[in-house]
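# Residue-level structure breakdown
Now for the letters of each chain:
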2 protein chains.
Amino acid sequence: MSSFSPEPRVAAAADRVQKPQARTAETRRRILSAATTVFGAKGYNKGSLIEIAELAGMTHAGVLHHFGSKDNLLIAVLEYRDDEDVAHLERHQAPTGDELLRHMLGTVRLNLTRAGLVQAYAVLSAESVTDSHPAAAFFRSRFDGLRRMIADAYATVAPEGTTEERLLAAASATIAVMDGLQVQWLHDETVDMPEAVEATIVGLIAWLRGAAQPL
Amino acid sequence: MSSFSPEPRVAAAADRVQKPQARTAETRRRILSAATTVFGAKGYNKGSLIEIAELAGMTHAGVLHHFGSKDNLLIAVLEYRDDEDVAHLERHQAPTGDELLRHMLGTVRLNLTRAGLVQAYAVLSAESVTDSHPAAAFFRSRFDGLRRMIADAYATVAPEGTTEERLLAAASATIAVMDGLQVQWLHDETVDMPEAVEATIVGLIAWLRGAAQPL
DNA sequence: CCTACCGATCGGTAGG
DNA sequence: CCTACCGATCGGTAGG
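Residues numbered from 1 in each chain as written. Chains lettered and ligands numbered in written order. Predicted model: local features only at pLDDT ≥ 70, side-chain atom pairs only at ≥ 80, totals over all residues. Heavy atoms only, no water.

Per an unreviewed UniProt entry, the recorded name for chain A is TetR/AcrR family transcriptional regulator, and the organism is Gryllotalpicola protaetiae.

In this section: the overall build of chain A. What chain A contains, in helices and strands, is nine helices and zero strands. When the elements of chain A are put in sequence order from the N terminus, they spell out α-α-α-α-α-α-α-α-α. Looking at the 215 residues of chain A, the share that counts as buried comes to 46%. Within chain A, residue pairs in contact and separated by at least 24 positions form 64% of the contacts whose partners lie at least 6 positions apart. Here chain A displays about 10900 Å² of accessible surface, and carbon together with sulfur accounts for 52% of that area. (Helix = DSSP H or I, 4+ residues; strand = E, 2+ residues; numbered from the N terminus. Buried < 20%, exposed > 50% of the residue type's maximum accessible area, 1.4 Å probe, protein only. Contact = heavy atoms within 4.5 Å. Areas by Shrake-Rupley, 256 points an atom, 1.4 Å probe, with all protein chains shown as cover.)

Close to DNA strand C lie 16 residues, the nearest being H60(A), K70(A), T27(B), H65(B) and H66(B). In DNA strand C, atoms within 4 Å of the protein come from the sugar-phosphate backbone in 58% of cases. H65(B) is positioned such that a nitrogen or oxygen atom in its side chain is 2.9 Å from a base nitrogen of DNA strand C. Between DNA strand C and H66(B), the relevant distance is 2.4 Å, taken from a phosphate oxygen to a side-chain nitrogen or oxygen of the residue. For the surface near DNA strand C, the secondary structure elements donating two or more residues are helix 2 (49-56) and helix 3 (60-67) of chain A together with helix 3 (60-67) of chain B. Looking at side-chain class alone, the surface near DNA strand C contains six nonpolar, nine polar and one charged residues. (Near = heavy atom within 4 Å. Polar contact = N/O pair within 3.5 Å; in protein donor to acceptor, adjacent residues only side chain to side chain. Nonpolar A, V, L, I, M, F, W, Y, C, P; charged D, E, K, R; others polar.)

The next point concerns the packing of helix 8 (residues 164-187) of chain B against helix 9 (residues 193-208) of chain B. Residues and elements named next belong to chain B. Close contact between helix 8 and helix 9 brings their axes to 10 Å; oriented N to C, the two are set at 165°. When the axis of helix 8 is compared with that of helix 9, the two are roughly antiparallel. When the axes of helix 8 and helix 9 are compared, the crossing they make is right-handed. Residues R166, L167, A169, A170, A173, T174, V177, M178, L181, Q182 and W185 of helix 8 touch helix 9, and the partners they reach there are M193, A196, V197, T200, I201, L204, W207 and L208. The residue inventory of the contact of helix 8 with helix 9, partitioned by class, reads 15 nonpolar, three polar and one charged. (Axes fitted to C-alpha atoms, helices over the stretch in contact; angles between N-to-C directions. Parallel < 35°, antiparallel > 145°, perpendicular 65-115°, else oblique. Left-handed = near helix turned anticlockwise from the far one by under 90°.)

The residues that UniProt annotates with the feature "DNA-binding region" (unreviewed entry) are residues 48-67 of chain A. Between the first and last C-alpha atoms of residues 48-67 of chain A the distance is 14 Å; the span itself is 80% helix and 0% strand. (UniProt positions renumbered as here; feature names shortened; annotations may be inferred.)

Of the residues lining the interface, 55 residues belong to chain A; the matching set on chain B comes to 55 residues. Carbon and sulfur atoms supply 67% of the area buried between chain A and chain B, which totals about 4500 Å² over both sides. When residues of chain A are sorted by the area they lose upon contact with chain B, Q184(A), H187(A) and L215(A) head the list and together hold 19% of the total. For D188(B), the salt bridge goes to R147(A), with nearest N and O atoms at 3.4 Å. The interface formed by chain A and chain B includes 14 residue pairs in polar contact (both at pLDDT 80 or more). Among the elements of the structure, helix 1 (20-46), helix 5 (97-111), helix 6 (115-127), helix 7 (136-155), helix 8 (164-187) and helix 9 (193-208) of chain A are those that each provide at least two residues to the side of chain A that touches chain B. It is helix 8 of chain A that provides the largest number of residues to the side of chain A that touches chain B, a total of 13 residues. Residues of the side of chain A that touches chain B, tallied by class, amount to 30 nonpolar, 14 polar and eleven charged. (Buried area = accessible area lost by both parts, 1.4 Å probe. Salt bridge = Lys/Arg side-chain N within 4 Å of Asp/Glu carboxyl O.)

Two chain copies, one operation linking them: a rotation about an axis together with a shift along it. Once chain A has been moved 0.0 Å along the axis and rotated by 180°, it coincides with chain B to within an RMSD of 0.0 Å. Taken together, the rotation angle and the small translation identify this as a two-fold axis. Nearest to the rotation axis, the C-alpha of G203(A) is located 1.8 Å from it, this being the minimum over chain A. (Least-squares fit on C-alpha atoms with pLDDT ≥ 70 in both.)

Here the focus is the protein's contact with DNA strand D. Close contacts around DNA strand D come from 16 residues, with T27(A), H65(A), H66(A), H60(B) and K70(B) the closest. Here the atoms of DNA strand D within 4 Å of the protein split so that 58% fall in sugar or phosphate, with bases taking the remainder. H65(A) has a polar side-chain atom sitting 2.9 Å from a base nitrogen of DNA strand D. In this structure, H66(A) approaches DNA strand D through a side-chain N or O atom, which is 2.3 Å from a phosphate oxygen.

On to the packing of aromatic side chains, then. A full pass over the atoms with the stated rule returns eight aromatic pairs over all chains. Aromatic pair F138(A) and F139(A): ring centres 5.2 Å apart, planes at 90°, arrangement edge-to-face. A relative accessible area of 13% places F138(A) in the buried class. Since its relative accessible area comes to 0%, F139(A) is described here as buried. With a centroid separation of 6.4 Å and an interplanar angle of 35°, the aromatic rings of F139(B) and F143(B) are classed as tilted. Taken together, the positions of F139(B) and F143(B), both in helix 7 (residues 136-155) and four residues apart, correspond to about one turn of that helix. (Phe/Tyr/Trp six-rings, centres within 6.5 Å; stacked < 30°, edge-to-face > 60°.)

In this model, chain A carries an average pLDDT of 88, and 85% of its residues clear a pLDDT of 70 or more. This stretch, residues 1-17 of chain A, has a pLDDT under 50; its non-local contacts, to residues over four places away or in other chains, come to seven contacts. (pLDDT = per-residue confidence, 0-100.)

This is the structure we're talking about:
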């Protein structure tokens, strides 16, 4: 939203075929796309700036010119993906209540068509729990925000007076089942992610409503 | 079971205070313990043989003398943990049916007391989906075995004639929720793993029994 | 189980 | 955005 302004800051630049800012933004997107691929395929630690740079058609010093450090590049990759998903959400109206739960099932089905992105997310989110990982803060706050949003959705289908603890347990379980299934599915594509997620969500609703037998 | 035989192969070795095989086995265990710690804290790619060796009190060439390569060491770490868990299972009689489901809840509670091991498992299982990772075959077969075992357990509490597809969906969801919760919990220890796992399991049983409302 | 060493790779910087 | 380079680290091997 802030960096894609169509007006060049200096009028003198207008005689170039392509405006400098536009070309820079385009190059940055090319690098971000390459970095998503490489971090997804190798993880952050093993994915190298050299490989990312080759995929983006430049040297690794060029990548560092645009992003400053490897850590910064990782953060930019994660925020870039988040921006795209948020934009997608807003295009379809931010869903609430049980619409959000149905929307999550749609995301699971969409993920069946983009294994690379799924792998990047699965690998980086787990890697982010290791010692002083640059993506730790990103994932911590992402999980926190998702749990609150999904707990609110469950509140609309749970009995009145359901405790926040139970709503948050259902929310964290829902996120967990989606993330955990991705790892299994990346190992074995016969794992049925949509069926397992739907079963979990409707099961959790039954649990919130007291319709489930205790173990 | 095969490598801890108390009898030395050569009688002449008996005059040493400690039998060579016994000392080797002890050293190997020390290395495996150090490797679990380091791979857990850093992941496989960033965890170095040098750091593992220091923690075990030797040089990295010594570690390689015992395990041949870094890949071999990782596999040994994973199989070592599995052996310990299997031994624990057998001590308590291999549980079946709904006993297995209750046993899994016990494992979740136990995991609250061993974050290091949880982190090693969470990091390595996700890292194992990256390009030609040495632990790929281990986790693929582990997930496969767990899914079959847990699907059998759900069969004992599901209506007769429940399809294998539905049983496997419940099983993969159960494994997924446990794995996914570990990542969230490692980021934020207020996440209530036992509550979320119990909710998921009883919810999935309700789903198998048709007691859950479709979304 | 160690000393000593190898080739390879990496992230980052200088300076343009 | 590149060339050229740096120090650091790594897994593995030789040879004992």
